[in-house]
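What follows is each chain in one-letter form.
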Amino acid sequence: MSNPIVLIAEELSPATVDALGPDFEIRHVDGADRAALLAAIVDVDAILIRSATRVDAEALSFAKKLKVVARAGVGLDNVDVKAATQAGVMVVNAPTSNIVSAAELAVALLLACARNIAPANQSLKAGQWKRTKYTGVELTDKTVGVVGLGRIGLLVAQRLSAFGVKLIAYDPYVQPARAAQLGIRMVTLDELLAESDFITVHLPKTPDTAGLLGDEAFHKVKPTVRIINAARGGIVDEQALYVAIKEGRVAGAGIDVWDTEPCTDSPLFEFESVVVTPHLGASTDEAQEKAGIAVARSVRLALAGELVPDAVNVKGGSIAEAVRPGIALAENLGRVAGSLANAPLQAVEVVVLGEVAEHDVKILELSALKGVFSVLVNDPVSYVNAPVLAGERGVEVSLTTDVESPNFRNLVQIKLTLTDGHTVSVSGTVTGPRNVQKIVDVDGFDVDVPVSAHLAFLRYADRPGVVGIAGRILGDAGINIGGMQVSRDDVGGHALIALTIDSVIPADVLASITAEIGATSVRSVDLEL
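Residues numbered from 1 in each chain as written. Predicted model: local features only at pLDDT ≥ 70, side-chain atom pairs only at ≥ 80, totals over all residues. Heavy atoms only, no water.

Participant: Explain the nonpolar core to me, using residue names and the numbers behind them.
Facilitator: Counting residues in hydrophobic clusters, the biggest one holds 48 residues, and the most contacted among them are Ile414, Leu416, Ile439 and Phe457. Mapping this core onto the domain boundaries places at least three of its residues in each of domain 3 (314-450) and domain 4 (452-520). When sequence neighbours within four positions are dropped, the list of residues in contact with Phe457 reads Val336, Leu340, Ile439, Val442, Leu496, Ile497, Ala498, Ser521, Val522, Arg523 and Val525. (Core = buried A, V, L, I, M, F, W, Y, C linked by side-chain atoms within 4.5 Å. Buried < 20%, exposed > 50% of the residue type's maximum accessible area, 1.4 Å probe, protein only. Domains from an automatic or database assignment. Contact = heavy atoms within 4.5 Å.)

Participant: Explain unusual backbone geometry to me, using residue names and the numbers behind them.
Facilitator: Here the residue pair Glu261 and Pro262 is connected by a cis peptide bond, since its omega of 0° sits within 30 degrees of zero. By the element assignment, Pro262 lies in the loop between β11 (252-255) and β12 (274-276). One non-glycine residue, Asp141, lies in positive phi territory at about 70°. You can see Asp141 is positioned in the loop between α6 (117-125) and β6 (143-147). For Asp141, a relative accessible area of 53% gives the class exposed. (Helix = DSSP H or I, 4+ residues; strand = E, 2+ residues; numbered from the N terminus.)

Participant: Go over the pattern of salt bridges, please, and point to the residues and values.
Facilitator: Pairing between side chains of opposite charge can happen when their charged atoms approach one another. Summed over all chains, the structure comprises 24 salt bridges. Here Arg409 and Glu355 are joined by a salt bridge, their closest N and O atoms 2.9 Å apart. With Arg409 in the loop between β14 (396-402) and β15 (410-418) and Glu355 in the loop between β13 (345-354) and α14 (362-374), the pair connects residues that are 54 residues apart, well separated along the chain. When its relative accessible area of 41% is taken as the criterion, Glu355 is described as partly exposed. Bridged by salt links that share partners, the residues Arg34, Arg54, Asp56 and Glu58 form one connected network. (Salt bridge = Lys/Arg side-chain N within 4 Å of Asp/Glu carboxyl O.)

Participant: Outline the packing of aromatic side chains, listing residues and values.
Facilitator: Applying the stated criterion across every chain yields a total of two aromatic pairs. When the centroid spacing of 5.3 Å and the interplanar angle of 35° are considered together, the rings of Tyr242 and Phe271 count as tilted. Placement of the pair is Tyr242 in helix α11 (residues 238-246) and Phe271 in the loop between β11 and β12, with a sequence separation of 29 residues. As far as burial versus exposure is concerned, Tyr242 and Phe271 are alike and both buried. (Phe/Tyr/Trp six-rings, centres within 6.5 Å; stacked < 30°, edge-to-face > 60°.)

Participant: How would you explain the domain arrangement of the protein if you had to name every residue and give the values?
Facilitator: Here the domain parsing of the protein yields domain 1 (3-95 + 284-302), domain 2 (97-274), domain 3 (314-450) and domain 4 (452-520). The gap between the C-alpha centroids of domain 1 and domain 2 is 33 Å. Counting from both sides, the interface comprises ten residues of domain 1 and, opposite them, five residues of domain 2. With both chains or domains summed, domain 1 and domain 2 bury close to 560 Å², and 46% of this area falls on carbon and sulfur atoms. The three residues of domain 1 that bury the most area against domain 2 are Val74, Ala287 and Lys290, which together make up 49% of that side's buried surface. Linking domain 1 with domain 2 are one salt bridge, by the criterion used here. A salt bridge links Asp77 to Arg232; its shortest N-O distance comes to 3.8 Å. Across the contact surface, domain 1 and domain 2 share two residue pairs in polar contact (both at pLDDT 80 or more). (Buried area = accessible area lost by both parts, 1.4 Å probe. Polar contact = N/O pair within 3.5 Å; in protein donor to acceptor, adjacent residues only side chain to side chain.)

Participant: Please give an account of the state of the cysteines that cites residues and values.
Facilitator: The tally for this structure, following the rule as stated, stands at zero disulfides. With no disulfide of its own, Cys113 has Cys263 as its nearest cysteine by sulfur position, at a separation of 16 Å. Take Cys263: its relative accessible area is 23%, and that puts it in the partly exposed class. (Disulfide = S-S within 2.5 Å.)

Participant: Run through helix α5 (residues 99-115), naming residues and quoting values.
Facilitator: Compared with an ideal rise of 1.5 Å per residue, which puts 17 residues at 24 Å, α5 spans 25 Å between its outermost C-alpha atoms and is within 8% of the ideal. Among the 17 residues in α5, twelve count as buried, and that is most of the element. The first or second residue beyond α5 is Asn116, which carries a positive phi of 55°. (Expected span 1.5 Å × (residues − 1).)

Participant: Lay out the environment of Glu216 in plain terms, naming residues and giving numbers.
Facilitator: Summarising the element assignment, Glu216 is placed in helix α10 (residues 215-218). Residue classification places Glu216 among the exposed positions, given a relative accessible area of 58%. Expressed as a C-alpha distance, the spacing of Glu216 and Ala240, which sit 24 residues apart in the sequence, is 8.8 Å.

Participant: So what about the environment of Thr514? Which residues, and what values?
Facilitator: Summarising the element assignment, Thr514 is placed in helix α17 (residues 507-517). Taking C-alpha positions, Thr514 is 8.9 Å from Tyr460, a pair spaced 54 residues apart along the chain. Leave out the neighbours within four places in its chain, and Thr514 touches Ala519 and Val522. Of note is the side chain of Thr514, whose polar atom sits 2.9 Å from the backbone oxygen of Leu510.

Quick look at the structure:
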């Protein structure tokens, strides 16, 4: 039997090939050359890439034998994960490979801004000695606002604490008590904007975070503030930042990432107070080596049929056949439970009942955590870092199993305890030869709802007419209802409507439903199926 073929599409650390070992046929291609890529990918089992190679639906259609796409880095902007999932191709990345490098670059940009290092360097090399022109500011006793207190944000905060700064942070999913243990005060975004002397951004780019620091935000900051973005381009609105600096509402910035890359021309380049770099966050020898080794190990595991902790979609591994259907179910139940939570987490309990509990079901706990945190934090979430994210936030995690299941052959339940004393509970099962996923209980309300890409849950006081009102509002918004379940604890008591719908419900439509039915809670849940 011939060895599996691994295609390396970009320059990677030599340690990558060493980590793959001798059991593979290694080929190389310039992934940025589209024609060459499409020709080379036809008969390979795995492809290793960085940022320049685009693995989209077209590329996947050429890849007749492909089993794994491995991105030697954190982001997956250049990989169509949904298309890969539909094609049965596993996608893996290296979620922790560059966190130290990215954190150190953010600190470097902040220091460079504070002390005008870049323009002073350029001036002196041009033969000018301008000590007074490039007077800077100290960090000691300044307030640093960290937007996004995930792993990188936390590393930045820890490093800056040595400079004697006051640390504040905005992250709605971090417990204030946990942050306080680290010497960080949690605040609202508006409070952070108003108080900070430096603002450093550590979020992924999503529809919610795109343009988060824009014109409105830059009218709320101190005129002496300096903005640092070494996270993702587009989170800081570059045009709004330019105008704010031009008008004296922002003192300076350090920018490593850009809305459109490569970026070789920007209005921001005209300011000496703006330090710029060409997306160097992961550009260290150490980060590249860590990333290469991590994805090489993942490829080895995947092609051997073993569990791949850093898989972001398709699940592989030495897992009992009876357990496998529960993996996706547990993750989806976790996403639903996380979406229903309206306060920071205190504890996550995963309960597995029925015949499946005779096997090792630890993977179901990991899948549930992956689902919960994928909607609650801004970090990429994998089987490896989900428990780490829980630990960093002081969230207790437990797994309970019992081979007895009163009502279903097998049942998975996710229980969340929130810091405000409330709980969230979602239960589900898989049925039939196709292992159809179903939600059977939400906070004690009996339902029978197939897991769908788009779900909604409406809590309200039981009374006539509510179903019609909700249906009318959704219909007026052009949102089609695929299925509906109504459950209540008693006549005239508390009621729950569970909906499967064909598209995302906009925030204003949710607000209209809440107002018109007097709902105690309305939640829309969008799953990545």
